[in-house]
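Next come the chains, spelled out residue by residue.
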Amino acid sequence: MSGPHSGSTTVTGVAAGSEEPSSAATSVIAPVADGTATSLGGSLPRLEQIRARAKARERARAAAREAHAHIRAGGVRRRRTPEELKNVVERGQALLHGTSLPGGPDTHREASAEAVIAWAVREFGPWLAVASSMQDTVLAHLVAKQLPWVDVLFGDTGYHFAETIGTRDAAELSLDVNIVDVRPERTVGEQDATHGPRLYERDPEKCCALRKVAPMRQALRGYEAWATGLRRGEASTRRNAPLITWDEKNQVVKINPLAGWTDEQVDEYAQEHGLVVNPLLGDGYPSIGCAPCTQRVAAGADKRSGRWAGRDKVECGLHG
Ligand code: SF4
């Protein structure tokens, strides 16, 4: 895994000038909310401008990593205990779920994604991470607007489509985020040597446990909360997804700001903000996982029917 992050105000300030405190450096780049930065001015040739912008973004990202690491290493406060975090969940649910009455969230009155993220940023700061499968970059963009250079955890299983890796790289170039590649203990080759080739065919539960679930659990030990892109409309198993919950398996707060969003809302947001999306979405793959376990889906079919097709398995284990 690579490193950490900081809160929006701190990061923006640190990012602009920390490594090069001269006025020249601070005037070269100012991270902006939509992730595209910068006012370069002058008459630099176009290529030099692009290079300068890329370098400035890397400086900002590195400074944020350092600042966030300092905070999470206890430089500002310690990681709260599970009991303390469960209290935070109760407060958040009462505030954002639209009702504290029994029976779960009132989906007509619950808070917007932006309000949920604002609460999470206030509550957790750099102890908040975003998880992304790199199907799209909507959640990462929404969070980065309020917490620039937030850590975005990408489960790099070693089995992804080239398009998914390309989306990951494009997100790193275009958004004010810090992509953290969460990798399994063993490479695909090492796993093949230990468990035999194509474990995903013989025992996908074990393969997912080794390559997705365990590495993410390990990564989440460094945070108090994770925001996921889980949506109720994606699958019957996600129908009751709350905005905020306690994640018992990972011992962190789990936040699903997009729980109530439809596919159309995701598409509209991505288009409105010019965000990168995985090109496979437009090529018959409405739900994208590892290449060996993801198939094209016929028009109108269940969107997740291409995942582990022909098996009972419907979730990798990260979300229950
Ligand atoms: S989705 Fe398939 S290849 Fe990816 S970790 Fe799970 S079983 Fe393995």
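Residues numbered from 1 in each chain as written. Predicted model: local features only at pLDDT ≥ 70, side-chain atom pairs only at ≥ 80, totals over all residues.

(A) Inspection of the nonpolar core at higher detail. By size, the foremost hydrophobic cluster in this structure holds 58 residues, and its most contacted members are Leu128, Val130, Val143, Leu153 and Ala225. Residues from two domains meet in this core; each of domain 1 (8–75) and domain 2 (82–293) gives at least three. Counting residues in hydrophobic clusters, the runner-up holds 8 residues, among them Leu199, Tyr200, Cys207 and Cys316. (Core = buried A, V, L, I, M, F, W, Y, C linked by C-beta atoms within 7 Å. Buried ≥ 20, exposed ≤ 12 C-beta atoms within 10 Å, placed from the backbone. Domains from an automatic or database assignment.)

(B) Geometry of the site of the ligand. Taken together, 13 residues are adjacent to the ligand, and Tyr200, Cys207, Cys208, Cys290 and Cys293 come closest. Looking at the shell around the ligand element by element, the count peaks at 5 residues for helix α10 (residues 204–220). Residues that form the shell around the ligand fall into these classes: 9 nonpolar, 2 polar and 2 charged. (Near = placed C-beta within 6 Å. Helix = DSSP H or I, 4+ residues; strand = E, 2+ residues; numbered from the N terminus. Nonpolar A, V, L, I, M, F, W, Y, C, P; charged D, E, K, R; others polar.)

(C) Local environment of the UniProt feature "binding site: [4Fe-4S] cluster" (unreviewed entry) in the chain. UniProt marks Cys207, Cys208, Cys290 and Cys293 with the feature "binding site: [4Fe-4S] cluster" (unreviewed entry), using the numbering shown here. What stands out for the annotated residues spanning 87 residues is how close their C-alpha atoms remain, the widest pair being 11.0 Å apart. Setting aside its immediate chain neighbours within four residues, cysteine 208 contacts Val213, Cys316 and Gly317. Checked against the element boundaries, cysteine 290 lands in the segment after α11 (263–272). (UniProt positions renumbered as here; feature names shortened; annotations may be inferred. Contact = placed C-beta atoms within 7 Å.)

(D) Focus on the environment of alanine 64. Counting through the fold element by element, alanine 64 comes out in helix α3 (residues 46–75). Here the alpha-carbon distance between alanine 64 and proline 126, two residues 62 residues apart in the chain, equals 9.6 Å.

(E) Local environment of the pairing of strand β2 (residues 150–155). Of all the 6 residues making up β2, 6 are buried; the element is thus mostly covered by neighbouring parts of the structure. Of the two faces of β2, the one holding Val150, Val152 and Phe154 and the one holding Asp151, Leu153 and Gly155 are both buried throughout. Where strand β1 (residues 128–132) lies against β2, 4 bridges are found, and the strand directions are parallel. Of the residues in β2, the one forming a bridge with serine 132 is phenylalanine 154. Following the backbone out of β1, through helix α6 (residues 138–146) and into the adjacent parallel β2, one traces a crossover that is right-handed. In terms of strand pairing, β2 meets strand β3 (residues 177–182) through 6 bridges, oriented parallel. Counted as the bridge partner of phenylalanine 154 is aspartate 181 from β3. Regarding the hand of the β-α-β motif, the stretch spanning β2, helix α7 (residues 162–174) and β3 is right-handed. (Pairing = 2+ DSSP bridges. Right-handed = clockwise from strand over helix to strand, strands pointing away.)

(F) Here's a closer look at the pairing of strand β6 (residues 252–255). Examined bridge by bridge, strand β4 (residues 225–227) and β6 share 3 bridges and lie parallel to one another. Residue pairing across strands places alanine 227 opposite isoleucine 255, the latter belonging to β6. Note: strand β5 (residues 244–247) against β6, 4 bridges, orientation antiparallel. Residue pairing for β6: isoleucine 244 is matched across the bridge by isoleucine 255. Between β5 and β6, which pair antiparallel and follow one another directly, the connecting turn spans 4 residues, one of which, glutamine 251, has a positive phi of 55°.

(G) Looking closely at the sheet that holds β6. Taken in spatial order, the 6 strands of this open sheet run β3-β2-β1-β4-β6-β5, and their pairing is mixed. The outermost strands of the open sheet, each flanked by one partner alone, are β3 and β5. Each adjacent strand pair in this sheet contributes to an overall mean axis angle of 30°, direction not counted. (Axes fitted to C-alpha atoms, helices over the stretch in contact; angles between N-to-C directions.)

(H) Highlighting the packing of helix α4 (residues 82–96) against helix α5 (residues 113–124). Packing of α4 against α5 brings their axes to within 11 Å, and their N-to-C directions diverge by 150°. Considered as vectors, α4 and α5 are oriented roughly antiparallel to each other. At the point where α4 passes α5, the crossing takes the right-handed sense. Across the interface between the two elements, Val88, Gly92, Leu95 and Leu96 of α4 pack against Ala115, Val116, Trp119 and Glu123 of α5. Along the lines of polarity and charge, the residues of the contact of α4 with α5 split into 6 nonpolar, 1 polar and 1 charged. (Parallel < 35°, antiparallel > 145°, perpendicular 65-115°, else oblique. Left-handed = near helix turned anticlockwise from the far one by under 90°.)

(I) Here's a closer look at unusual backbone geometry. If you check the backbone angles, arginine 198 has positive phi at about 55° while not being a glycine. You can see arginine 198 is positioned in the loop between α8 (188–195) and α9 (199–202). With 11 C-beta atoms counted inside 10 Å, the residue arginine 198 sits in the exposed group. Even without glycine at this site, glutamine 251 takes up a positive phi of about 55°. Its place among the elements puts glutamine 251 in the loop between β5 and β6. Glutamine 251 sits in the partly exposed class, given 14 other C-beta atoms within 10 Å.

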